[in-house]
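# Structure assessment
Residue strings, one per chain:
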Amino acid sequence: MGLNTLAVPVYWSFLEPEEGRFDYTQTDMLLDEARSRGIKLILLWFGTWKNGASQYVPEWVKLQKKRFVWAESIQGNLTRTLSPCCRETLEADKKAFCSLLEHLKIKGAEDILLGIQVENEPGLLGTPRDYSDTGEKAFSSFVPEKLTAWLARTEEISPVKKIWLENGCQTGKNWEKTFGFFAEEIFSAYKVASFINEIAEAGKEVWKIPMYVNVWLGEMYNRVPGLDYPSGGATGRVLDLWKFAAPAIDSVCPDIYFSDYRTYIQIVKTYSRRDNPLYIPESQGNHLNAMNTLVAMKEYGLQGIHFFGVDDAVDQHGELKENYQEFRGLIALLTAMQPMIETYQGTEHFFVITQYEGSASQYLDFGDFYGRAVHYLPNGDYRWEPHRGTDTNHREEAVFNKLAKGIVVYLGNGEFYMAGEGFSLNLLRRKSIKEMTGGVIASQFQNGRHQRYLTVEEGYFNEKGDYVVTKIRTGDECDTGIWMDRDVGVVHIRIDM
C-alpha cells in the first residue's frame, strides 16, 4: 500500500494479565517490528472501552463485579460495558495506561511513536446510560455547577447549550430536569469524557505525547444513543461538551465509513474546529474515500487518515485487491507530494483534483492561469483518446482506467508542482478577454502546442525535501496538456510569463 504509519492496538488484558504485574512483550514486539521496517506507529489503548464495550479488560477485572461495576440496562440486565461512574475502574485503567507510557518512554519510543488513541470508540452500547445503583446515584445527583456555568457563559449556541436553553436554563437540578429528553446521553458523555480526561492527564504527566479519542458516529440508522451507537461517545450532539470536559485530549476524531459526499462533508465540518484538528482514525480503503480525503485536505485541513483492516487489502496470493487500487493511488499521491502538503496545505497555493460520478473534467482558477483537468476515465460526457499526450510507456489501458485524483501547488509566476493520476491538466494564461479569445490561444488544440513552457520535468522530493529531476518532457510529451500517472512521481512546470 505504501503507507508510512500503522495504527495498532495495545490490549490491557495482555499488558496486565494479573493485577500489578505488567507484561510488555506485545508492546516491545510492536516497537521492534516498526523500527526494523522504518515505519511510524500510533498506539491504540484498548482499555476500558473498545467499540462501546469492555472486551479487552483483564480477566481479574471481569471477575470482580462488585469492585468493577458493569453498566446495567433499564431492565436490570448487565451490559458488556463497564460503568463510567465507577472510580475503581478509572483508577485501574489509569494505572495500567501510565505504566504503558512509562515503559514507552524508557524504551525511547519517541523516534517512531506519533501519538496514542485513548480507548476506542468509548461509550455504552446496549443502554443510553448506566442504570445500576452506582449509575442511578450519579444520575439523580445535581449537574455539576462548573458544567452549567460553562453553558451560561458560552456565546455559541451549540447543540448541548440549545438543549439546556430549551429546558429552561436549569441550575442546581438533576440531569433529567436540566436536559430533558437528551439527559441520558449528555450525562453519559460528561461521565465518559471526564473519565478519559483523567486518564489522559495522568498519562501526560508521565510523557507528554499527542493523545486523541475516536468516535463511533451518531449518524447511524435511527440515531438512538445506546442502540445505534455508543451513548456518551463524542458524537456531534455532544462534541462541545467533550471539548469542555476532556481538555487533555488533543483531538476528538470521527471514524468515517460513510462514502456519500453530503454526509461526509457534514461530518468533517462538525469535527474540523479551531480547537479540534481534523484527523480520521478509521475509514474505508475505497475510491470514494480517496476523493473525500482530498476534499477534506483542501477544505477542512485534514491532518491524517487511516483506513481500517489493512490485512484485508491483499488476497490469498499476497496481491493487492482490485477495490483497494484507487486508495493505493491516493497514498502514492500523498507520499509524492508530502513536502508540498506540509508547506502549502491551507494556503491559496494548494489545489486538489477529484473525480466523482458523472464528472468528466474539473475547472481550476490559479489566478493568472485557468486550468482544466481532463479526466481520462469515461465517467461523463467526454471520452479521452489514450493515444494523445503520453509517451510509449503510458498507453496501456490500465493508465486510463483510474479515477482522476491529484494535488497541484501553484507557486505563482508560472511555476507548478503536481502529482496524481487519471487526468491531464490544460493551462490557459489569464490575459485580457481579447487576447484569450484570439489566435492560437482560443483553440484548445492549438493552445497546448503553443504553451510557453520553460521546463516540464518529472522527479521526486528526496529526504531533505529537495526536488530531484529524473526526466525532461518536451514536444509530444506535453503539447496536449500535462498528463499524470502515479509512476511518474511529481511533475514540475515552469511557464514563461
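What you are looking at is a predicted structure, and each value in this text was computed from that prediction instead of being measured.

## Quick look at the sheet that holds strand S15 (residues 423–429)
Taken together, four strands build an open sheet; the order of strands is S11-S12-S15-S18 and the sheet is antiparallel. Pairing within the sheet leaves two strands with one partner each, and these edge strands are strand S11 (361–365) and strand S18 (482–484). Averaged over all pairs of adjacent strands, the angle between their axes in this sheet comes to 20°, without regard to strand direction. Examined bridge by bridge, strand S12 (residues 369–375) and S15 share seven bridges and lie antiparallel to one another. Counted as the bridge partner of Gly 371 is Leu 427 from S15.

## Points about the packing of helix H12 (residues 287–300) against helix H13 (residues 325–336)
Look at H12 against H13: their axes get within 7 Å of each other, and the N-to-C directions meet at 30°. With respect to H13, the element H12 is oriented roughly parallel. In contact with His 287, Asn 289, Ala 290, Thr 293, Leu 294 and Met 297 of H12, H13 contributes Glu 326, Phe 327, Leu 330, Leu 333 and Leu 334. Residues that form the contact of H12 with H13 fall into these classes: seven nonpolar, three polar and one charged.

## Side note on the sheet that holds strand S17 (residues 467–473)
Taken in spatial order, the six strands of this open sheet run S10-S13-S14-S19-S16-S17, and their pairing is antiparallel. Each edge of the open sheet carries a strand with a single partner, namely strand S10 (350–354) and S17. Sheet twist, expressed as the average angle between the axes of neighbouring strands with direction ignored, equals 25°. When strand S16 (residues 453–461) meets strand S19 (residues 490–495), the two strands line up antiparallel, connected through six bridges. The residue of S19 that forms the bridge with Gly 459 is Val 490. Relative to S10, H12 is tilted by about 160°, and along the sheet it contacts S10 and strand S13 (405–412).

## Quick notes on the side chain of Gln 355
On the secondary structure map, Gln 355 appears in the loop between S10 and S11. At 3.5 Å, the side chain of Gln 355 forms a polar contact with the backbone oxygen of Leu 377. Engagement of the side chain of Gln 355 in a polar contact is seen with the backbone nitrogen of Ala 404, the distance being 2.7 Å.

## Description of the environment of Phe 244
Take Phe 244: it is sitting in helix H10 (residues 239–245). Take Phe 244: its relative accessible area is 23%, and that puts it in the partly exposed class. In this structure, the C-alpha to C-alpha distance between Phe 244 and Ala 193, residues 51 residues apart in sequence, is 8.9 Å. Ignoring anything within four residues of it in the chain, the contact list for Phe 244 reads Lys 146, Leu 147, Trp 150, Arg 153 and Tyr 190.

## Details of the side chain of Thr 48
Assignment of secondary structure puts Thr 48 in strand S2 (residues 40–50). Take Thr 48: its relative accessible area is 0%, and that puts it in the buried class. Only 2.5 Å separates the side chain of Thr 48 from the side chain of Asp 93, close enough to count as a polar contact. With near-sequence residues (within four places) excluded, Thr 48 lies in contact with Trp 12, Ala 53, Ser 54, Val 57, Leu 82, Thr 89, Asp 93, Glu 119 and Phe 195.

Scoring rules and cut-offs
- Throughout this document, residue positions are counted from 1 along each chain, in the order its sequence is written.
- At least 70 in pLDDT is required for a residue's local features to be given in this predicted model, at least 80 for side-chain atom pairs to be given and counted, and no such filter applies to totals for whole chains, interfaces and linings, which use all residues.
- Note that water and hydrogens are dropped before the side-chain values are worked out from all heavy atoms of the structure.
- Strands are labelled as partners when DSSP assigns at least two bridges between them.
- For helices the rule is a DSSP run of H or I covering at least 4 residues; for strands it is a run of E covering at least 2, with both sets numbered from the N terminus onward.
- A fitted line through C-alpha atoms serves as each axis, taken over the contacting stretch for helices, and the angle formed by two N-to-C directions is quoted from 0 to 180°.
- Note that the term roughly parallel is reserved for angles under 35 degrees, roughly antiparallel for angles over 145, roughly perpendicular for angles of 65 to 115, and oblique for everything else.
- The contact rule is simple, with two residues in contact once any of their heavy atoms fall within 4.5 Å.
- Under the convention adopted here, Pro, Cys and the residues Ala, Val, Leu, Ile, Met, Phe, Trp and Tyr are nonpolar, Asp, Glu, Lys and Arg are charged, and Gly plus all remaining residues are polar.
- Between N or O atoms, a polar contact is any pair within 3.5 Å; within protein, one atom must be a potential hydrogen donor and the other a potential acceptor, and residues adjacent in sequence are included only when both atoms are from side chains.
- For every residue, the accessible area (1.4 Å probe, protein chains only) is compared with the maximum for its type, and the residue is labelled buried under 20%, exposed over 50%, or partly exposed between those bounds.

Without other data, these values stay purely geometric and don't point to any function.
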